[in-house]
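Residues per chain, in single letters:
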Amino acid sequence: MAGLDDYQFFSNLRERDTPFWQKTFEDKERPVGMTDYYRRPTEFPQTLLNPAHGSPQAAKPVVPKPHDHDLYKDIQMEKYGEISINIVSLCAENLLSHPFIVVRRQCQVNVNSQRYHILPITLVPALIHMQGCQGFSAFWKGLGSVLTVRGVTMGLEDCISKFTPWPKEISPHSSLKTIGQHLLLKCSALALITPFYSASLVETVQSEIASERPGVLDVFKEGLTRLLSFTQPQTGRMLPVWLLIVPTVSHGILQYLIGNAVSTITSQVLRRFHREDQEKQGAVSKDSGSFVDASVRLQSTFIGHLVSDVLLYPLETILHRLHMQGTRTIIDSLDVGYEVKPILTRYEGFFDCLSTTLQEEGFLGLFKGFGSLCIQYALYGAVLKFAEVIIREVTLALVPPKPKPKTQEQYIPMHQEDGE
């Protein structure tokens, strides 16, 4: 087609910024057969279609900045810290604390015990005798049912939250209506789990040498039996479920509120102390770091559980005695650790149990087995402190500290001797 050669010639000159009357050697020597060199007039240069194409900056590979790499390390460190927190919390709450929960409940429901075991030192001989007679399995009885009740409670909360507008989780910025609906969700789950909680309590306190070992599904069997007899007692002096719902829900909600409130306040105080400590040292980190977060969360959770259990210990004692009435359960007596005793009580309700306990056992009767709680949280705190050290070491191993830049020493030439 006429005119294409001239078009290609002048377009090349425009790109080279060369006068049109000068032809370079490259134009003269280029072979005619190279069809990819010539363009049609309808094709636009790539520099016009994509301005970034062909530029020196676009050709350079994208190199991650050191700040991005450090941010990735921080994210990884946060992940490992979170996993460590979850593992330590689950093991300490569900496995480590269970033997002391068994001992504490046995002391609480034993209304005829001579020793109250307010201090941990009085429990040691009885626990040694009990272990010698029944072995270590006596301290782990009912673990399966306790975990089952906790799992069913979480499942009920999840199901109720899906079929109702009640939220399963709340934040510090939630409205009062949202908080109220969340507490209503907790109350509903606790009310439904009450008969199964009674069955689980029986399995944790009954003596293995005087009773048959419960099966895996016995907690559901006994719980459904008490649930079906909602208004009338099943046998003898057993209280109906509707009398147990109010104290059970009250104890669960108070434990949840006190634990979370104390944990939140403790977390803020610990973070403030940590920041003030950094300011005294003259170096305040921009990010708190996963290790600090893990340590604060572990300590705040520990203090929250401790405060709630101590404050609600008398209420828990009354609650367990009401659940155990009429179940015909034989428990291990921790006065000496050798004997077994049946539970024989005649309470008409919560206030009757409270007044009877105060009259017959005194105020300290509400704190029977408190020494077991002291041992539990002493060991719990030691494990958390050990976990804090482990998290620090694991974090440093997975995310090593930044190497210090090497500074080259200034070269000082050797002076010649004075005599030379």
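What you are looking at is a predicted structure, and each value in this text was computed from that prediction instead of being measured. (Residues numbered from 1 in each chain as written. Predicted model: local features only at pLDDT ≥ 70, side-chain atom pairs only at ≥ 80, totals over all residues. Heavy atoms only, no water.)

Q: Lay out the overall build of the protein chain in plain terms, naming residues and giving numbers.
A: Looking only at helices and strands, the protein chain has 15 helices and two strands in total. The buried share of the protein chain, taken over its 420 residues, is 37%. Restricting the contact set of the protein chain to residue pairs at least 6 apart, pairs at least 24 apart contribute 76%. For the protein chain, the exposed surface amounts to about 26600 Å²; the carbon and sulfur share of it is 62%. (Helix = DSSP H or I, 4+ residues; strand = E, 2+ residues; numbered from the N terminus. Buried < 20%, exposed > 50% of the residue type's maximum accessible area, 1.4 Å probe, protein only. Contact = heavy atoms within 4.5 Å. Areas by Shrake-Rupley, 256 points an atom, 1.4 Å probe, with all protein chains shown as cover.)

Q: Explain unusual backbone geometry to me, and be specific about the residues and the numbers.
A: A positive phi is found at His-117, a non-glycine position, where the angle reads about 55 degrees. Mapped onto the elements of the fold, His-117 is located in the loop between α6 (98-109) and α7 (123-134). Phi is positive for Arg-328, which is not a glycine, with a value near 55 degrees. Following the sequence through the fold, Arg-328 ends up in the loop between α13 (313-324) and β1 (330-332).

Q: Before we move on, can you summarise the nonpolar core with the specific residues and values?
A: Core analysis: the biggest nonpolar cluster contains 21 residues, and Leu-322, Tyr-380 and Leu-384 have the highest contact counts within it. Only α5 (66-96), α12 (290-311), α13 and α15 (370-398) provide two or more residues apiece to this core. Of the residues forming this core, the biggest block, seven residues, is contributed by α15. Sequence-distant contacts of Leu-384, that is, excluding residues within four places in its chain, are made with Val-88, Leu-298 and Phe-302. (Core = buried A, V, L, I, M, F, W, Y, C linked by side-chain atoms within 4.5 Å.)

Q: Help me get a handle on the packing of aromatic side chains, residues and values and all.
A: All chains considered together, the criterion is met by nine aromatic pairs. A ring pair is formed by Phe-363 and Phe-367, whose centres lie 5.5 Å apart and whose planes are at 55 degrees; its orientation type is tilted. The exposure class assigned to Phe-363 is exposed, which follows from its relative accessible area of 54%. (Phe/Tyr/Trp six-rings, centres within 6.5 Å; stacked < 30°, edge-to-face > 60°.)

Q: Describe the pattern of salt bridges, naming the residues involved and giving the relevant values.
A: With the rule as written, the count across this model stands at eight salt bridges. Residues joined by salt bridges that share partners form a network here, namely Asp-158, Lys-162 and Lys-168. (Salt bridge = Lys/Arg side-chain N within 4 Å of Asp/Glu carboxyl O.)

Q: Run through α6, naming residues and quoting values.
A: When the terminal C-alpha atoms of α6 are compared, their 17 Å separation across twelve residues agrees well with the 16 Å that a helix rising 1.5 Å per residue should span. Counting buried positions along α6 yields twelve of twelve residues, so the element is predominantly enclosed. Among the residues of α6, His-98, Pro-99, Phe-100, Ile-101, Val-102, Val-103, Arg-104, Arg-105, Gln-106, Cys-107, Gln-108 and Val-109 are the ones counted as buried. (Expected span 1.5 Å × (residues − 1).)

Q: I'd like a rundown of the environment of Leu-270, residues and numbers included.
A: Its location among the elements puts Leu-270 in helix α11 (residues 241-281). Note on Leu-270: relative accessible area 21%, which makes it partly exposed. Measuring from C-alpha to C-alpha, the distance between Leu-270 and Arg-297 comes to 9.4 Å, with 27 residues separating the pair along the chain. In this structure Leu-270 touches Val-296, Gln-299 and Ser-300, once residues within four positions along its chain are discounted.

Q: Pulling in residues and values, what's your account of the side chain of Arg-104?
A: Here Arg-104 is to be found in helix α6. For Arg-104, the contacting residues outside a window of four places in its chain are Tyr-313, Glu-316, Lys-368, Gly-369, Ser-372, Leu-373 and Gln-376.

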